Amino acid sequence: IEILCHYANSLSLAGNNDLAQTLTLRAIDIDPNNVEARTSLSSFFLLSGRHEEASKYANDILTIAPKNTKAITLLAGIAERQGNAEQAYDYLKPVLDKILENEEIAVVFGLISKTIGREDEAIKLMETILTQKNNLKSITRKEIYFILGGIYDSKRNYDVAFKYYSMANNLKQTDFNIKEV
């Protein structure tokens, strides 16, 4: 199952979400309770704009593992992509204290923060991650820098916005590992 999931992730990165979805469905047929396969499948559907299917598999994960922060973050991301920032926040609110365990929580929260009027809270959470999490993946660090740049830009704090945009643009991605995708 692990090999199928890694291969499916590679295919998705190469732009072949249809085959990635097919392989991941096969992994789920083999082990219906495999959280990694369901997480990947939900992500593939989200990338394909198939929000209903993405939600189904993310909710299935919560049936198997009720406090799974990846599934909660996926559901929040789906709601955000559908333009429902308040629903996204409702998903994230109970797990905001777990941002050091799963920084994607802060990324999704940062994306919705302007819409729900919680920019200052998002700034605090994302800056906490940047200072406290030394092993943060460079791609996630870059996302956080861009989001912070956007928040500060909307607050008309252009010097700080420029600082974060520059940091994002200058960051080299050094930690890419296909097995972690």
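Scroll up for the structure.
Residues numbered from 1 in each chain as written. Predicted model: local features only at pLDDT ≥ 70, side-chain atom pairs only at ≥ 80, totals over all residues. Heavy atoms only, no water.

We now examine the packing of aromatic side chains. The full count for this structure, using the stated rule, is five aromatic pairs. Ring plane angle 35° and centroid distance 5.9 Å describe the contact between Y89 and F109, whose orientation is recorded as tilted. In this pair, Y89 sits in helix α6 (residues 85-92) while F109 sits in helix α7 (residues 104-116), placing the two residues 20 residues apart along the sequence. Here Y89 and F109 have matching classes, each one buried. Their ring planes at 50° and their centres at 6.1 Å tell us that F146 and Y165 sit as a pair that is tilted. One end of the pair, F146, is in helix α9 (residues 138-154); the other, Y165, is in helix α10 (residues 158-170), and 19 residues separate them in sequence. Among the residues examined, F146 registers a relative accessible area of 36% and is labelled partly exposed. Accessibility expressed as a relative area gives 27% for Y165, which makes it partly exposed. An aromatic cluster is present here, built from Y145, Y152 and Y164 joined pairwise through their rings. (Phe/Tyr/Trp six-rings, centres within 6.5 Å; stacked < 30°, edge-to-face > 60°. Helix = DSSP H or I, 4+ residues; strand = E, 2+ residues; numbered from the N terminus. Buried < 20%, exposed > 50% of the residue type's maximum accessible area, 1.4 Å probe, protein only.)

Next up on the list: the packing of helix α2 (residues 17-30) against helix α3 (residues 35-47). Direction vectors running N to C along α2 and α3 enclose 155°, while the axes themselves pass 9 Å from each other. As the angle between them shows, α2 and α3 are arranged roughly antiparallel. Judged by the twist between their axes, the crossing of α2 over α3 is left-handed. Listed contacts from α3 to N17, A20, Q21, T24, L25, A27 and I28 of α2 are A37, R38, S40, L41, F44, F45 and L47. Classifying every residue of the contact of α2 with α3 by side-chain character gives nine nonpolar, four polar and one charged. (Axes fitted to C-alpha atoms, helices over the stretch in contact; angles between N-to-C directions. Parallel < 35°, antiparallel > 145°, perpendicular 65-115°, else oblique. Left-handed = near helix turned anticlockwise from the far one by under 90°. Contact = heavy atoms within 4.5 Å. Nonpolar A, V, L, I, M, F, W, Y, C, P; charged D, E, K, R; others polar.)

What follows deals with the pattern of salt bridges. Throughout the structure, instances matching the rule amount to six salt bridges. Close ionic contact of R38 with D60 constitutes a salt bridge, the shortest N to O distance being 3.0 Å. Here D60 lies in helix α4 (residues 51-64) and R38 lies in helix α3, a separation of 22 residues in the sequence. Between R50 and E53 there is a salt bridge; the shortest N-O distance is 3.1 Å. Here E53 falls in the partly exposed class, since its relative accessible area comes to 27%. One salt-bridge network, in which partners are shared between bridges, spans R38, K56 and D60. (Salt bridge = Lys/Arg side-chain N within 4 Å of Asp/Glu carboxyl O.)

The next thing to look at is the nonpolar core. Formed by 33 residues in total, the largest nonpolar core has its most connected members in L92, F109, I112, M126, I144 and L148. If one sorts the elements of this core by residue count, α7 sits on top with seven residues. Contact partners of L92, with chain neighbours within four places excluded, come to T73, A76, I105, V108, F109 and I112. (Core = buried A, V, L, I, M, F, W, Y, C linked by side-chain atoms within 4.5 Å.)

A few words now on α2. Note that an α-helix has 3.6 residues per turn; residues three or four places apart therefore point the same way. When the terminal C-alpha atoms of α2 are compared, their 20 Å separation across 14 residues agrees well with the 20 Å that a helix rising 1.5 Å per residue should span. If you check which residues of α2 are buried, you get N17, A20, Q21, L23, T24, A27 and I28. Buried residues along α2 cover an arc of 165° about the axis, so they all sit on one side. Counted as exposed and oriented over 90 degrees from the buried face of α2: D18 and D29. Structurally, α2 contributes buried residues whose contacts are with α1 (2-13), α3 and α4. (Expected span 1.5 Å × (residues − 1). Arc of directions from axis to C-beta.)

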